[in-house]
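This is what each chain is made of:
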Amino acid sequence: MASKKSDYFGLDYIVSVILAIIPITALICGAVTRISEGKIVAGILRILLGWNIIWLVDLILMIVSKHILRLLNI
């Protein structure tokens, strides 16, 4: 049975949800994920704003759709 991959570095879904639950790891993983996609501005904004509402939205989206919030695509 193939495991489902999610947004944090292609990790297993359960591991990604656990990382999303912990605020500091969600902040770091979200910023690194966006920077690795080439979205430098979005990664910097996640570092500056990722500790509040973005963390909650990321947590909900990770559980529901297995992806983090893509608010800014530049």
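Residues numbered from 1 in each chain as written. Predicted model: local features only at pLDDT ≥ 70, side-chain atom pairs only at ≥ 80, totals over all residues. Heavy atoms only, no water.

Counting across every chain of the model gives zero aromatic pairs. Looking at K66, its charged tip hangs above the ring of Y13, at a distance of 4.8 Å from the centre. (Phe/Tyr/Trp six-rings, centres within 6.5 Å; stacked < 30°, edge-to-face > 60°. Lys NZ or Arg CZ within 6 Å of the ring centre and 35° of its normal.)

Attention now moves to the packing of helix α1 (residues 13-21) against helix α2 (residues 23-36). For the pair α1 and α2, interaxial distance at closest approach is 5 Å and the crossing angle is 115°. Compared by their axis directions, α1 and α2 come out roughly perpendicular. Residues L19, A20 and I21 of α1 touch α2, and the partners they reach there are P23, T25, A26 and C29. Across the contact of α1 with α2, the residue classes break down as six nonpolar, one polar and no charged. (Axes fitted to C-alpha atoms, helices over the stretch in contact; angles between N-to-C directions. Helix = DSSP H or I, 4+ residues; strand = E, 2+ residues; numbered from the N terminus. Parallel < 35°, antiparallel > 145°, perpendicular 65-115°, else oblique. Contact = heavy atoms within 4.5 Å. Nonpolar A, V, L, I, M, F, W, Y, C, P; charged D, E, K, R; others polar.)

A separate point is the side chain of D58. Within the fold, D58 resides in helix α4 (residues 53-65). Among the polar contacts listed, one links the side chain of D58 to the backbone nitrogen of L69, at a separation of 2.8 Å. Excluding anything up to four places from it in sequence, D58 contacts R46, I68 and L69. (Polar contact = N/O pair within 3.5 Å; in protein donor to acceptor, adjacent residues only side chain to side chain.)

Further remarks concern the side chain of R34. Residue position: R34 is located in helix α2. Among the polar contacts listed, one links the side chain of R34 to the side chain of E37, at a separation of 2.7 Å.

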